[in-house]
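# Close look at the chain arrangement
So you can see what is in the structure, the chains are spelled out below.
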Amino acid sequence: ARIVFNYINPVDSNKALIGAGAGTVLQSSGDGGITAFNVNGILISQLKINGSPAVVNEVGISFTSVTASKIDKVWIENMGGSAIAFFASSNNNTISGNHLYNNVRDLTGGNINLASSNDNTISANNIQGGGDSGILVYGSSNNTISNNNIQGNDDGIYVFFNSKFNTISSN
């Protein structure tokens, strides 16, 4: 199953997808979990996205050009993509209280990946799983990354390529 929020349908902004906890499972069939493109005000909370580790490019949550949105208390497990939660050109979002476990990735991505994304808050997430980075920040500025528990990755937090003015504390 895959859920898509897209600018083609303008009513997709300011929507919430809220489950009843980890027992609310969105099972990916290899095409990822939730994708949002060019929308704002999205809330994804209290559900689990379960993937297929054998699928190399599978992403649990993908935001492209998404603003003022929140991912809160989401479990993402067994994904096989290069980024489990991927944010491209997405600003002013909050990613907090999530659990990312047992995600098998290639060696070029992070469990949470910010690419050209600014002014986001990543806090209080539990990130457990092999691969390259727990959190990868690429060409992104003014983000706050704090109070995350990151274990079992080659790098906990990897910041590079024109990333500046990010605050990283208490991880």
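Residues numbered from 1 in each chain as written. Predicted model: local features only at pLDDT ≥ 70, side-chain atom pairs only at ≥ 80, totals over all residues. Heavy atoms only, no water.

### Things to note about the packing of aromatic side chains
For the structure shown, the criterion picks out four aromatic pairs. Seen from their ring centres, tyrosine 138 and phenylalanine 161 are 5.1 Å apart, and the 20 degrees between their planes marks the pair as stacked. Pair noted here: tyrosine 138 is in strand S14 (residues 133–138) and phenylalanine 161 is in the loop between strand S17 (155–160) and strand S18 (167–169), with a separation of 23 residues, a long-range link. For phenylalanine 161, a relative accessible area of 53% gives the class exposed. Among the aromatic residues, those joined into a ring-pair cluster are Tyr138, Tyr158, Phe160 and Phe161. (Phe/Tyr/Trp six-rings, centres within 6.5 Å; stacked < 30°, edge-to-face > 60°. Helix = DSSP H or I, 4+ residues; strand = E, 2+ residues; numbered from the N terminus. Buried < 20%, exposed > 50% of the residue type's maximum accessible area, 1.4 Å probe, protein only.)

### What about empty space enclosed by the protein?
Summed over the entire model, instances satisfying the criterion amount to one cavity of 30 Å³ or more. Volume-wise, the largest cavity comes out at about 30 Å³. Residue lining of the largest cavity: Ile71, Ile76, Ala85, Ile95, Asn98, Leu100 and Ile112, and that is the complete set. A per-class count over the lining of the largest cavity returns six nonpolar, one polar and no charged. (1 Å grid on protein atoms, 1.4 Å probe; cavity = no way out; pocket = protein on both sides within 12 Å on 5 of 7 lines; lining within 4 Å. Points joined across faces, edges and corners; volume = space filled by probe spheres on them. Nonpolar A, V, L, I, M, F, W, Y, C, P; charged D, E, K, R; others polar.)

### A few points about the pattern of salt bridges
In the structure shown here, the tally under the stated rule is two salt bridges. For glutamate 77, the salt bridge is made with lysine 48, and the minimal N-O distance between the two is 3.3 Å. A residue pair is termed long-range when its members are at least 10 positions apart, and glutamate 77 in strand S7 (residues 70–77) and lysine 48 in strand S5 (residues 43–50) qualify at 29 residues. The pair glutamate 77 / lysine 48 is uniform in exposure class, with both members buried. Ionic pairing is found between aspartate 72 and lysine 73, a salt bridge with its closest N-O pair at 3.2 Å. (Salt bridge = Lys/Arg side-chain N within 4 Å of Asp/Glu carboxyl O.)

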